Every structure is written in structure tokens, then in C-alpha cells.
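Observations on the model geometry
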Amino acid sequence: MSIRGFSKVPAKDAKFVKAELLRISSKLKSKRQELDLTQEELAEALDVSPETIRFIEQSRRIPSLPMLIRVCKILKIDFF
């Protein structure tokens, strides 16, 4: 499986980053579902395509930090 943005990850960190990406993707998807939001609704709130949300949830795309912060605010996820 190809992960967009993964080529920028140093080889020594690849295993850790993949594991964390899976964990984050799962958390985002479950929280979105918990709030009864569709991928389309979340995409509209973020001004991105539903495909972007689907790829993030499937761990096929690494969200940028600004995107991740915006998603967390909308989904009311507090990492701090």
C-alpha cells in the first residue's frame, strides 16, 4: 500500500510512523462516527474532498499538522 507523504519519513522511523498513523487514523474514524458525522460532512467542514477524509481514515494519506489540528478541533479530540 502506498501512503501519500510517507516518502518523506526517514527509513529508521518508518515502522513507528506506520504504527502511529494506523492508531491516529482509527481514532479519527471512530470519533467521527461517534459524533454521527459522515465523511462528506467532515470534508465539507474542512473544505477538502471526501476522498481526502477516506484516505486519511484508511491510513493512505498522512495529514499535515495544520490539517490534523483542524480535524481534532472539529472532532473535539484533545491531545494535550
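That block above? That's the structure.
This write-up is about the structure you can find in this document. (Residues numbered from 1 in each chain as written. Predicted model: local features only at pLDDT ≥ 70, side-chain atom pairs only at ≥ 80, totals over all residues. Heavy atoms only, no water.)

Quick notes on the packing of helix α1 (residues 14-34) against helix α4 (residues 65-75)
So the rule is basically this: Lines fitted to the C-alpha atoms define the axes, with helices restricted to the stretch that makes contact. Angles between their N-to-C directions range from 0 to 180 degrees. In this text, helices come from DSSP runs of H or I with a minimum length of four residues, and strands from runs of E with a minimum of two, each type numbered from the N-terminal end. Two helices crossing with the near one rotated counterclockwise from the far one by less than a right angle form a left-handed crossing, whereas a clockwise rotation gives a right-handed crossing. Every residue pair with non-hydrogen atoms within 4.5 Å of one another is taken to be in contact. When residues are grouped by polarity, Ala, Val, Leu, Ile, Met, Phe, Trp, Tyr, Cys and Pro land in nonpolar, Asp, Glu, Lys and Arg in charged, and all others, Gly among them, in polar.
Packing of α1 against α4 leaves a shortest axis separation of 10 Å and a crossing angle of 30°. By crossing handedness, the relation of α1 to α4 is classed as left-handed. Along the contact surface, α1 presents Ile24, Leu28, Lys31 and Arg32, while α4 presents Leu68, Val71 and Leu75. A class-by-class count of the residues in the contact of α1 with α4 yields 5 nonpolar, no polar and 2 charged.

Digging into unusual backbone geometry
What you tend to see is this: most non-glycine residues have negative phi, and most peptide bonds are trans. Test applied: For every residue, the accessible area obtained with a 1.4 Å probe (protein chains only) is divided by the maximum for its type, and the residue is called buried under 20%, exposed over 50%, and partly exposed between those limits.
Look at aspartate 47: it is not a glycine, yet its phi comes out positive at around 60°. Accessibility expressed as a relative area gives 71% for aspartate 47, which makes it exposed. Phi at lysine 76 is positive, roughly 60°, even though this residue is not glycine. Looking at the element boundaries, lysine 76 is found in the segment after α4.

Brief notes about the layout of surface pockets
To be explicit about the condition: Both cavities and pockets are sets of points on a 1 Å grid over the protein atoms alone; in a cavity a 1.4 Å probe fits but cannot get out, in a pocket the set is open with protein on both sides within 12 Å along at least five of seven lines, and lining residues sit with an atom within 4 Å of a point. Grid points are joined across faces, edges and corners, and a volume is the space filled by probe spheres set on the points.
Counted as a void, the second largest pocket has a volume near 150 Å³. Phe16, Val17, Glu20, Leu21, Arg23, Ile24, Ile62, Pro63 and Leu68 are the residues that line the second largest pocket. Element by element, the count of residues in the lining of the second largest pocket is highest for α1, at 6 residues. Residue composition of the lining of the second largest pocket, by class: 7 nonpolar, no polar and 2 charged.

With respect to the environment of serine 49
Looking at the secondary structure, you find serine 49 in the loop between α2 (39-46) and α3 (50-57). Each C-alpha atom, one on serine 49 and one on aspartate 78, is 24 Å from the other, the two residues being 29 residues apart in sequence.

Nothing here speaks to function; it is all geometry.
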